[in-house]
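Chain and residue survey
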Amino acid sequence: MAVRKKSEQVRKKPNLHVKKGDTVKVIAGKDKGAEGKIIKVIREEQRVIVEGVNRIKKHTKVVDQGGRAGNTGGIITTEAPIHVSNVMLVEDDGVTKVGYKRVEVTKRRPDGSEYTSTRSVRISRKSGKEI
């Protein structure tokens, strides 16, 4: 049996406290205090793209592929990723930490019978409510 080198080992993707669609507040960096919705989550790099936060200007070349396929050159303003540690989830009155708890639920099998099981839900550490 061959032993894998450290560089070849498969790394597990980290779990993050936020997900796409959450409203977050930036707590560090040049856009500190800004709020926005998460557009995209990049789990491998532990980064998120937040709407209206960390905007950069990207210079693009004119690509002539003929017809509608070509794009016009110019300067495009777009959001760049920020590290997930620099954002906090926004609840009704302010920001909150995210916790997890197991909740009992009733599930249904394909044959129609029901059984109880548990599932993990995100909760607000401040209020204890389910997010």
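What comes next concerns the included structure. Everything numeric here is computed off the predicted structure, so don't read it as measured data.

What counts and how
- Residues numbered from 1 in each chain as written.
- Predicted model: local features only at pLDDT ≥ 70, side-chain atom pairs only at ≥ 80, totals over all residues.
- Heavy atoms only, no water.
- Helix = DSSP H or I, 4+ residues; strand = E, 2+ residues; numbered from the N terminus.
- Rg over C-alpha atoms; globule rule 2.2 N^0.38 Å.
- Buried < 20%, exposed > 50% of the residue type's maximum accessible area, 1.4 Å probe, protein only.
- Contact = heavy atoms within 4.5 Å.
- Areas by Shrake-Rupley, 256 points an atom, 1.4 Å probe, with all protein chains shown as cover.
- Lys, Arg positive; Asp, Glu negative; His and termini not counted.
- Charge placed at Lys NZ, Arg CZ, Asp CG, Glu CD.
- Salt bridge = Lys/Arg side-chain N within 4 Å of Asp/Glu carboxyl O.

A word on the overall build of the protein. Counting its regular elements, the protein contains zero helices and 10 strands. Mapped in sequence order, the helices and strands of the protein form the string β-β-β-β-β-β-β-β-β-β. Relative to the globule expectation of 14 Å for 131 residues, the C-alpha radius of gyration of the protein, 21 Å, shows a markedly less compact shape. Taking the principal axes of its C-alpha atoms as reference, the protein extends roughly 60 × 55 × 40 Å. Among the 131 residues that make up the protein, the fraction classed as buried is 22%. Nonlocal contacts in the protein, meaning residues at least 24 apart in sequence, comprise 45% of its contacts between residues at least 6 apart. By element, 48% of the accessible surface of the protein is carried by carbon and sulfur atoms, the whole surface being about 10100 Å². One finds the centroid of the 31 positive side-chain charges in the protein at a distance of 5 Å from the centroid of its 16 negative side-chain charges.

In the structure shown here, the tally under the stated rule is six salt bridges. K13 is the partner of E44 in a salt bridge, and the nearest nitrogen-oxygen pair spans 3.3 Å. Residue E44 is located in the loop between β2 (35-42) and β3 (47-50), and its partner K13 is located in the segment before β1 (23-26); the two are separated by 31 residues in the primary sequence. On the basis of relative accessibility, which here comes to 42%, the residue K13 falls in the partly exposed class. For E114, the salt bridge identified is with R108, shortest N-O distance 3.0 Å.

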